[in-house]
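Observations on chain architecture
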Amino acid sequence: MDDLLLARSLFGTTMAFHIIFATLGVGLPLMILIAELLFQRTKDRDYALMAKRWTKGQAILLGVGIPTGTIAGVQLSLLWPGFMEVVGKVISLPFQIEIFAFFLEALFMSIYVYAADRLSPRMRIVSVLLVLLGATASAVLITNVHAFEGTPAGFRIENGRIVDVDPWAAFFNPSFFVTAGHVTVSAYMTGAFAIASVAAYKMLKEKAAGRAYQFHQKALLMGLIVGGTFSLLTALNGHESAQYLHRYQPEKLAAAEGLFETQPYAPLVIGGFTDPETREVKYGLEIPWLLSFLAGNRFDEVVVGLNDFPQEFWPPLFVHTLFNAMVGIGCLLILVGFVGFAWKKMLKRDRFPRWAMWLFAASGPLAMLGIEFGWIFACTGRQPWVIYRTMLTADAATKSEGLGLLFVLFTGIYVLLGAATVLVFRSYFRRHPLPLDNPTGEASNNP
Amino acid sequence: MTDTVIAITLLWIFVIIYSVAASFDFGAGFWSMVYLNHKQTKATSIANRYLSPSWEVTNVFIVLIVVGLVSFFPGATYKLGTVLLLPGSLVVLLILLRSAFMIFSHLVNKYDKALNIVSGVTGLIVPALLISVLPITQGGFIETADGAERLLLGDLILSPHGLSYIGLAVSSTLFLSSLLLADYSFVANEQRAFAVYRRDAMLLGPLTLLMAVLTFVTMEHAAPWLYDNLWRYLPWLIASAGCFFIGYTALLLPQQKRFLVHLPRIAVISIVVQYLLASYAYGAAHLPYIVYPDVTIESGFTHPNTFRALFASYLVGFAILTPGFLYFWRLFMTDNRYLRQ
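Given the structure is predicted, the values throughout are model-derived calculations rather than measurements.

Some thoughts on the overall build of chain A
Summing up its helical and strand segments, chain A has 14 helices and 8 strands in all. Taken against the 2.2 N^0.38 rule, which gives 22 Å for 447 residues, the C-alpha radius of gyration of chain A at 23 Å falls within 12% of a compact globule. Considering only C-alpha atoms, chain A reaches an extent of 70 × 45 × 40 Å along its principal axes. Counting all 447 residues of chain A, 51% fall into the buried class. Considering only contacts within chain A whose residues lie at least 6 apart along the sequence, 76% involve residues at least 24 apart.

Digging into the overall build of chain B
Scanning chain B for helices and strands turns up 14 helices and 6 strands. Considering chain B as a whole, with its 341 residues, one finds that 49% of them fall into the buried category. Contacts in chain B between residues at least 24 apart in sequence constitute 76% of all its contacts with a sequence separation of at least 6.

Thoughts on the interface of chain A and chain B
The interface of chain A with chain B comprises 57 residues on the first partner and 53 residues on the second. Counting only elements with at least two residues in the side of chain A that touches chain B, the list comes to α2 (45-79), α3 (81-90), α4 (93-114), α6 (167-171) and α14 (403-431) of chain A. For the side of chain A that touches chain B, the element with the most residues is α4(A), which contributes 14 residues. Across the side of chain A that touches chain B, the residue classes break down as 38 nonpolar, 14 polar and 5 charged.

A word on the nonpolar core
Residues Met31(A), Ala35(A), Ala192(A), Ile195(A), Ala196(A), Phe377(A) and Leu179(B) are the most contacted members of the largest nonpolar core, which totals 238 residues. With 17 residues, helix α1 (residues 3-42) of chain A is the largest single contributor of residues to this core. Those residues in contact with Met31(A), other than ones at most four positions away along the chain, are Trp54(A), Gly191(A), Ala192(A), Ile195(A) and Val226(A).

Considering the confidence of the model for chain A
Taken as a whole, chain A shows an average pLDDT of 87; of its residues, 97% reach a score of 70 or greater. Note on residues 438-447 of chain A: pLDDT under 50 across the span, and 12 contacts to partners over four residues away in sequence or across chains.

Concerning the pairing of strand β1 (residues 142-145) of chain B
Residues and elements named next belong to chain B. Pairing geometry for β1 and strand β2 (residues 148-151), over 4 bridges, is antiparallel. Looking across to β2, one finds that Ile-142 is bridged to Leu-151. Connecting β1 to the next strand, β2, in antiparallel fashion are 2 residues, including Asp-146 with a positive phi near 55°.

Some words on the environment of Ala28(B)
Residue and element names in this part refer to chain B. Within the secondary structure, Ala-28 sits in helix α1 (residues 3-34). Judged by local crowding, Ala-28 falls into the buried class, with 29 C-beta atoms found within 10 Å. Separated by 150 residues in sequence, Ala-28 and Ser-178 place their C-alpha atoms 7.5 Å apart.

Focus: the environment of Ser77(A)
Mapped onto the elements of the fold, Ser77(A) is located in helix α2. As a C-alpha pair, Ser77(A) and Ala16(A) span 61 residues in sequence and 18 Å in three-dimensional space. Non-local contacts of Ser77(A), meaning those with residues more than four positions away in its chain, are made with Met84(A), Val66(B), Val70(B), Thr77(B) and Gly81(B).

Some details on unusual backbone geometry
The step from Leu287(B) to Pro288(B) runs through a cis peptide bond, and the omega angle for that step is 0°. Residue placement: Pro288(B) occurs in the loop between α12 (263-286) and β5 (289-291). For Tyr265(A), which is not glycine, the phi dihedral falls at a positive 50°. Mapped onto the elements, Tyr265(A) comes out in the loop between α9 (250-257) and β3 (268-270). Phi is positive for Trp289(A), which is not a glycine, with a value near 70°. By the element assignment, Trp289(A) lies in the loop between β6 (285-287) and α10 (290-296). For Trp289(A), a count of 16 C-beta atoms within 10 Å corresponds to the partly exposed category.

A few points about the environment of Asn116(B)
All names here are of chain B. Along the chain, the position of Asn-116 falls in helix α5 (residues 112-131). By the C-beta count within 10 Å, which is 23 here, Asn-116 ends up buried. Along the chain, Asn-116 and Trp-31 lie 85 residues apart, while their C-alpha atoms are 9.7 Å from each other. In contact with Asn-116, not counting residues within four places along its chain, are Ser-32, Met-33, Leu-36 and Ser-105.

Quick look at the packing of helix α8 (residues 211-248) of chain A against α9(A)
Each pair of packed helices can be summarised by the angle the axes make with each other and by the distance between the axes. Residues and elements named next belong to chain A. Across the interface, α8 lies against α9 with an axial gap of 5 Å and an inter-helix angle of 125°. Comparing their axes, α9 and α8 come out oblique. The segment α8 lies against α9, with Ala-242, Leu-245 and His-246 engaging Pro-250, Lys-252 and Leu-253. Looking at the contact of α8 with α9 residue by residue, the classes come out as 4 nonpolar, 1 polar and 1 charged.

A few points about the confidence of the model for chain B
Of all residues in chain B, 89% attain a pLDDT of 70 or more, and the chain-wide mean is 84. Per the prediction output, this complex has pTM 0.86; the corresponding ipTM is 0.79.

Here's the deal with the packing of α8(A) against helix α11 (residues 319-346) of chain A
All names here are of chain A. Taken N-terminus to C-terminus, the directions of α8 and α11 make an angle of 140°; their axes are 8 Å apart at the nearest point. The pairing of α8 with α11 is recorded here as oblique in orientation. The two elements α8 and α11 cross, and the hand of that crossing is left-handed. Touching Leu-221, Leu-224, Ile-225, Gly-227, Gly-228, Thr-229, Ser-231, Leu-232, Thr-234, Ala-235 and Gly-238 of α8 are Gly-330, Leu-333, Ile-334, Val-336, Gly-337, Phe-338, Gly-340, Phe-341 and Lys-344, all from α11. The residue inventory of the contact of α8 with α11, partitioned by class, reads 10 nonpolar, 9 polar and 1 charged.

Some words on helix α5 (residues 121-150) of chain A
Each α-helix winds once per 3.6 residues, and so residues spaced three or four apart point in a common direction. Given a rise of 1.5 Å per residue, 30 residues ought to cover 44 Å, and the 43 Å separating the end C-alpha atoms of α5(A) matches this to within 8%. Most of α5(A) is tucked away: 21 of the 30 residues are buried.

Calculation criteria
- Residues numbered from 1 in each chain as written.
- Chains lettered and ligands numbered in written order.
- Predicted model: local features only at pLDDT ≥ 70, side-chain atom pairs only at ≥ 80, totals over all residues.
- Helix = DSSP H or I, 4+ residues; strand = E, 2+ residues; numbered from the N terminus.
- Rg over C-alpha atoms; globule rule 2.2 N^0.38 Å.
- Buried ≥ 20, exposed ≤ 12 C-beta atoms within 10 Å, placed from the backbone.
- Contact = placed C-beta atoms within 7 Å.
- Nonpolar A, V, L, I, M, F, W, Y, C, P; charged D, E, K, R; others polar.
- Core = buried A, V, L, I, M, F, W, Y, C linked by C-beta atoms within 7 Å.
- pLDDT = per-residue confidence, 0-100.
- Pairing = 2+ DSSP bridges.
- Axes fitted to C-alpha atoms, helices over the stretch in contact; angles between N-to-C directions.
- Parallel < 35°, antiparallel > 145°, perpendicular 65-115°, else oblique.
- Left-handed = near helix turned anticlockwise from the far one by under 90°.
- Expected span 1.5 Å × (residues − 1).

Written out as structure tokens, the structure is:
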């Protein structure tokens, strides 16, 4: 591997690991907030218990999420010093404001977790709300920098010098809102399906329809309804994201769809593999005219193909598969949410069939896979640029040596911590089973 | 004050706040390990009670410093980012391990010991690595080969100057944290823990002073430009030493006495002021260089438009967050229900 690929692999591994925790860290507070609100409304203690247990889960995730986020932030400067020089001059605002959001989240998370018993119900809800606000704002602001990389604005480079800097124009770059919206709603969706997954899995293991079963069923239904709603929003927003690609980064869309010829009435190809030799997608399912319609809301919309660009500026062609996988998972999840809702509320059935339960149990991991595919697609599809048509990734990378060792070290630690997180989850919740006979709370009050 | 001076002042303030807060934090982890087997003194539980809510907030400051450096001085980021690849990566890796295991050890008591050791040992290594940034910025440890810059880490660690910095970092971490924990256990009315931490602070105090003097003396050879500059701030250094003696005396006096506040609090405050004064002298003497001799605060500065926007965001951000901080402080640092639980 050359140094550039090593640097990308190292940073990519950090991000791939961090976004698991970051996404759940944005999604879970929403579920905790909803549970707290439902408890205040219905006075059903099960919801208070849910909020409490999910908060424990959130605390475990934060133990890894906060430091990996710190690593990501520090690694940006260590691995991409050239890129961060531009960031510092042009797009440092979101990073700066993100810290305040992060502070807000960390402060009120500490307050909510460690001082829960000393807070009034209103203050508890306010605390969770501020945690949710801080977490969401963090996600939005970091995505802001990602959006800037795809649709840079607010500066020019003249003879290698950065001039005409307008930090707010860079902040409100064209794809900011649509990209940030995508990250936010998909994180809410993933948090909800993660809850649904655990609940469904527990229900599959509970034989009798006892108290525990009912408890998990409430959580499952909540997860499915919230998850289904946000998966629909994710899809609507995703459609808009694709139209933005059509307007601002046509070669990324072309690579995602495996389109080589620039044409009106362009077909949408689902599945298959892009072959750079024959310049076509093999073994894909072709739907005529659809791509043009999706990109521009009309069948005669001209969609630009990869042939219009020099091959050295093509994104890697495997992004077609990543894109398909992301969209496929998203569509499946809408269906999952709908099945859960329809079965319960429209057919008024009491129990879900077993196949549906397994589907629900798979929804959380599937959503997370969708997030991973989406991020890899979004960042790999921008290559070879780190800032679209302005700075090459190769020019931004560090010139230091020893990246191989660091890659091995970091990857090893991530594997170790991932395993430790799973173990801690299992051991904690095994030692703290649902205290349903004693609804006042768990036996141990230790955080 | 020019924009560049405002920016470097803000950044330096963050660095100092982080150094003090992180010393408390890392040191508390270390003490919690050391006194693990002394259940009767409650020294470990006192350390953990301080650590639980505070480490996350401390952690945020690392990001604040990195982002502050990147956004105010992108020119310095390039150079520092390149040469700090190895030590910087090690620091964040260790912090990751430490934070994760700290959270885990609270939830799963089974591995308490092993986890406490991870948090204790990293608590000493991280400050030693972090402080290496200072001698690096003083010049002499960066080599340029084939257009790429490289850190001479071996030379740095083995030089007398580098070693005395490491000694200063480790002893200060332990001194500051034992002092704070002494105060904390005094307020929590834990007499035995208080006695233990007071003794530690009394032993470590003179050691930190010795290390500071060693660092200063070895600087004459390692970074003569900074050494000469520092002499111009002699009054600040003398005032700093004066604060040390006030704080140390407060520690030695019989502890039943009160002068406005209880004595351990006076000791903490004077020692923190001591570090502030010394840090000011060091920071001011370091100007105009960020990384000697290539990067100055002028050459590394961000675009003026960006600086203005950033400055506005700082004002708004801190105005919004200050009430949150105060609330946090009241809940954990002064609420007796928490301290004496």
